[in-house]
Amino acid sequence: MKKYIAIPGTNRAGSTNRRLLQFIKEHFKDQADIELMEIGGLPVFYKTPDRSLPAEVPAMVKKIEEADGVLISTPEYDHGVPAVLMNALSWLSYGVHPFADKPVMITGASYGMLGTSRAQAMLRQMLDAPELSARIMPSSEYMVGHSLQAFDDDGNLKEENLVDRLDGLFNDFETFVDVNKNLVYNREHAMNDIRKTDLKNK
């Protein structure tokens, strides 16, 4: 069973993005071990002169590094990702690189009908930055619109088509994680061969 870290891109306790990840955690509990990781308690990012990190960050780095993949659910504010999520990614790429080659699946929930398409596009661009270098699953936008009405009293998604689409995307993500492991393995072996050749030629 694979292990995933799920990050709600919010500091709001009642966020429907947190609810979406909680549903994913429960819905796929027989398929994967999913742990929610909160980011709301981090201080505002600034470049510390000694490149030190807040006390919470090393533990977060360790969890992401040890996970097979990461799920991020982002709200959309003013066509972008929330400041709290940008802040967390800044800390998680400041002298540390837990997202490097890490498979990431992006989801999002919003009150309106358009979902979080612009925020998801922005998040993909951020995760592709050299300091993060995540492996984002392609063609995988998953958006829950009218999210205040999307869940029942038990926290389950009401619409069957949303659940069906989520099932398909999550299964694709599991495959994407396996493929990524092979890519990383092959690349590391290729780099080791290059290093050995360089040493011989010195």
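Residues numbered from 1 in each chain as written. Predicted model: local features only at pLDDT ≥ 70, side-chain atom pairs only at ≥ 80, totals over all residues. Heavy atoms only, no water.

- Taking an unreviewed UniProt entry as the reference, the chain is identified by name as NAD(P)H-dependent oxidoreductase belonging to Limosilactobacillus alvi.

### Considering the side chain of T10
- Tracing the chain through its elements places T10 in the loop between β1 (2-8) and α1 (16-27).
- Among the polar contacts made by the side chain of T10, one reaches the main-chain amide nitrogen of R12 at a distance of 3.0 Å.
- Beyond its immediate stretch of four places on either side in the chain, T10 contacts S15, R18, E38, I39, P75 and V84. (Helix = DSSP H or I, 4+ residues; strand = E, 2+ residues; numbered from the N terminus. Polar contact = N/O pair within 3.5 Å; in protein donor to acceptor, adjacent residues only side chain to side chain. Contact = heavy atoms within 4.5 Å.)

### Some remarks on helix α2 (residues 57-66)
- Taken together, the buried positions of α2 are occupied by V57, M60, V61 and I64. With its buried residues spanning 100° around the axis, α2 presents them on a single face. (Buried < 20%, exposed > 50% of the residue type's maximum accessible area, 1.4 Å probe, protein only. Arc of directions from axis to C-beta.)

### Section: the nonpolar core
- Membership of the largest hydrophobic core comes to 31 residues, with the highest contact counts inside it found for I7, I72, L89, F99, V104, L123 and L127.
- Per element, the largest residue contribution to this core is five residues, and it comes from helix α3 (residues 83-91).
- Discounting chain neighbours no more than four positions away, the residues touching V104 are V70, I72, F99, L127, A134, R135, I136, M137, F173 and F176. (Core = buried A, V, L, I, M, F, W, Y, C linked by side-chain atoms within 4.5 Å.)

### Comments concerning the pattern of salt bridges
- Taken as a whole and judged by the stated rule, the model has nine salt bridges.
- When the shortest N-O distance is used, the salt bridge between K2 and D178 registers 3.2 Å. With K2 in strand β1 and D178 in helix α5 (residues 160-201), this residue pair connects regions lying 176 residues apart in the sequence.
- Judged by its relative accessible area of 17%, K2 is buried.
- K3 is the partner of D33 in a salt bridge, and the nearest nitrogen-oxygen pair spans 3.7 Å. Taken as a pair, D33 in strand β2 (residues 32-36) and K3 in strand β1 lie far apart in primary sequence, 30 residues in all.
- Here D33 falls in the partly exposed class, since its relative accessible area comes to 37%.
- Salt bridges sharing partners connect three or more residues here, namely K3, D33, E35 and K63. (Salt bridge = Lys/Arg side-chain N within 4 Å of Asp/Glu carboxyl O.)

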